[in-house]
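Residue strings, one per chain:
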Protein chains: 2
Amino acid sequence: MSSSGAAPGRGGNDGKPAMRDALVAAAFRLFLERGYEQTTVDDIVALAGVGRRSFFRYFPSKEDVVFPDHERCLADMTAFLYAGGDDDEPVRRVCDAARLVLLMYAENPTFSVQRYHLTKQVPGLRAYELSVVWRYERALAGYLRARFAGLRDGILRADVIAAAVVAAHNNALRAWLRSDGEGDAETTVDHALGHVREAFGAAPAPSVSGGPEDVVVIVSRRGAPLWRVVQELESALGRG
Amino acid sequence: MSSSGAAPGRGGNDGKPAMRDALVAAAFRLFLERGYEQTTVDDIVALAGVGRRSFFRYFPSKEDVVFPDHERCLADMTAFLYAGGDDDEPVRRVCDAARLVLLMYAENPTFSVQRYHLTKQVPGLRAYELSVVWRYERALAGYLRARFAGLRDGILRADVIAAAVVAAHNNALRAWLRSDGEGDAETTVDHALGHVREAFGAAPAPSVSGGPEDVVVIVSRRGAPLWRVVQELESALGRG
């Protein structure tokens, strides 16, 4: 296991104890050598050269050591969401937040790919991962619910868009993981999230041509599918 | 607990043993009286008047008795998906499949509402429910992936739409459960799924008011955020 893959935290950079990183590295080395089920917390602390109490100081359970950066990543993503202003188009903001999560995975390709294979093999970890994904989805939905407050069907729209964003993110993440972390994470996730933004009406940044006060007129048959009308609208606004 | 709520299965109708229904009824009676954690499998079999082995013949674990109809419901939904033909618009088909699931819940309001409260209280059951939801989502995505085979980004689109359908379904389900099962499940779910169909290009049936050839004119500043313009457009078209 390469050192870059063993320590996904920012142990050396932001004052987090190196012991935590050492525990993660020891755990993954054993999980890969013996299998997850066959590795005990005692095995991990023995290899890391620390006491049992140190392990539980950082990780409530053996499962938690598999996702050591989840809490930080969720907190960073949430902070990013609320750092935006009222001018930020909400769908774009949640897409950018999901993009941030993928780029955090991509910071440590070796570690992310190892965890991917481990999670596929161990049903208990799969269940844990679902609860992790659920928390990301709720964080995105919570932000959108607040932004859509007072709009008709605001909560419904927030929940549906958050789920779509997570699905697009996970699709891109799996594609990148299956490339053994060698694919272009950024392009992959942007492409996937582009589908969500298209579906929910949020187009790319406005064109620079034309003044902001230009008036655009759209004429449409009432019976035309909404997506067709939006397409024309995007085209007229130079954002398609 | 009313008898209609106690036995969500079709015990009396399709030859499934009444013993299974009796175990579910006994389990829920005890879960409600004592709490889920405080009830053992021994307590359940004692109340139902059967042996321990009978319990495990029907349910691998105590958690499984909380979701006794999940396997049947998933199988029915999957059968429905594949009973359609190539003419069925795929997004509409998955929406109709999700609708079917909600109507299965609505068949037994008392039982569904009791389980909702139980699941909210017990973290272990919440995790179990996430894995249940995940299987529904994968079934919908699997169907869409097959229907979108050969299309550009077919897998991505399938995954995103399946997630959006599940989110809309769950939004409607929660609204109905919070009404203590007294709301109109059909109208609620149709409204929620209508959002998904709109977003992904399969629009609901045209509005009956106004002829299909009515002309709608939208005037917008070029600098207005697109999502605001789309909001107005939806409102003008009577689809918001």
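Residue positions are counted from 1 within each chain, in the order its sequence is given. Labels are handed out in written order, letters beginning with A for the chains and numbers beginning with 1 for the ligands. Confidence filtering applies because this is a predicted model: local features only for residues at pLDDT of at least 70, side-chain atom pairs given and counted only at 80 or more, and all residues used for totals across whole chains, interfaces and linings. Neither water nor hydrogens contribute to the side-chain values; these are computed over all heavy atoms in the structure.

## Topic: empty space enclosed by the protein
Residues and elements named next belong to chain B.
Then comes step 1: Only protein atoms enter the 1 Å grid, on which a cavity is a set of points fitting a 1.4 Å probe that cannot get out and a pocket is an open set with protein on both sides within 12 Å along at least 5 of 7 lines, lining residues being those with an atom within 4 Å of a point. Grid points are joined across faces, edges and corners, and a volume is the space filled by probe spheres set on the points. Following the criterion strictly, the structure yields one cavity of 30 Å³ or more and no others.
Then comes step 2: Put simply, the largest cavity is a space of about 190 Å³.
Then comes step 3: Lining the largest cavity are 15 residues, with Asp69, His70, Cys73, Tyr105 and Arg115 positioned closest to its centre.
Then comes step 4: Residues are grouped as follows: Ala, Val, Leu, Ile, Met, Phe, Trp, Tyr, Cys and Pro are nonpolar; Asp, Glu, Lys and Arg are charged; every other residue, Gly included, is polar. Residue classes in the lining of the largest cavity are distributed as eight nonpolar, three polar and four charged.

## Brief notes about helix 8 (residues 109-121) of chain A
Then comes step 1: For helices the rule is a DSSP run of H or I covering at least 4 residues; for strands it is a run of E covering at least 2, with both sets numbered from the N terminus onward. Every helix has an expected span of 1.5 Å times one less than the residues it contains. For helix 8 of chain A, with 13 residues, the first-to-last C-alpha span of 19 Å sits near the 18 Å given by 1.5 Å per residue.
Then comes step 2: For helix 8 of chain A, the full list of buried residues reads A:Phe111, A:Ser112, A:Val113, A:Gln114, A:Arg115, A:Tyr116, A:Leu118 and A:Thr119. Each residue's exposure class comes from its accessible area (1.4 Å probe, protein chains only) as a fraction of the maximum for that residue type: buried when under 20%, exposed when over 50%, partly exposed otherwise.

## Here's the deal with the confidence of the model for chain A
Then comes step 1: In this model, chain A carries a mean pLDDT of 84, and residues with pLDDT of at least 70 account for 77%.
Then comes step 2: Segment residues 203-214 of chain A: pLDDT under 50, and 22 contacts once partners within four positions in sequence are set aside and those in other chains are kept. For every residue, the pLDDT score states the predictor's confidence, bounded by 0 at the bottom and 100 at the top. Pairs of residues are marked as contacts when any of their non-hydrogen atoms sit within 4.5 Å.

## Considerations on the pattern of salt bridges
Then comes step 1: One speaks of a salt bridge when a side-chain nitrogen belonging to Lys or Arg is within 4 Å of a carboxyl oxygen belonging to Asp or Glu. Counted by the stated rule, this structure contains 28 salt bridges over all chains.
Then comes step 2: Close ionic contact of A:Arg34 with A:Asp43 constitutes a salt bridge, the shortest N to O distance being 3.0 Å.
Then comes step 3: On the accessibility criterion, A:Arg34 (42% relative accessible area) is partly exposed.
Then comes step 4: When salt bridges that share partners are traced, they join A:Arg138, A:Arg145, A:Asp159 and B:Arg174 into one network.

## Side note on the packing of aromatic side chains
The geometry of an aromatic ring pair comes down to the distance between the two centres and the angle between the two planes.
Then comes step 1: Ring geometry is summarised as follows: Phe, Tyr and Trp rings, the Trp one being its six-membered ring, pair when their centres sit within 6.5 Å, and such pairs are stacked at plane angles under 30 degrees, edge-to-face over 60 and tilted between the two. Here the structure, examined in full by the defined rule, presents 17 aromatic pairs over all chains.
Then comes step 2: Ring geometry for A:Phe200 and B:Phe200: centres 5.6 Å apart, planes at 90 degrees, overall edge-to-face. One end of the pair, A:Phe200, is in the loop between helix 11 (185-199) and strand 1 (215-221); the other, B:Phe200, is in the loop between helix 11 (185-199) and strand 1 (215-221), on a second chain. In this pair, the class of A:Phe200 matches that of B:Phe200, namely buried.
Then comes step 3: Summarising the aromatic geometry, the rings of B:Tyr58 and B:Phe59 are spaced 6.4 Å apart at their centres and angled 55 degrees between planes, so their arrangement reads as tilted.
Then comes step 4: Looking at B:Tyr58, the relative accessible area reads 17%, which means it is buried.
Then comes step 5: In this structure B:Phe59 comes out as buried when scored by relative accessible area, which is 2%.
Then comes step 6: Here the aromatic residues A:Phe28, A:Phe31, A:Tyr36 and A:Phe111 are joined through ring pairs into a cluster of three or more.

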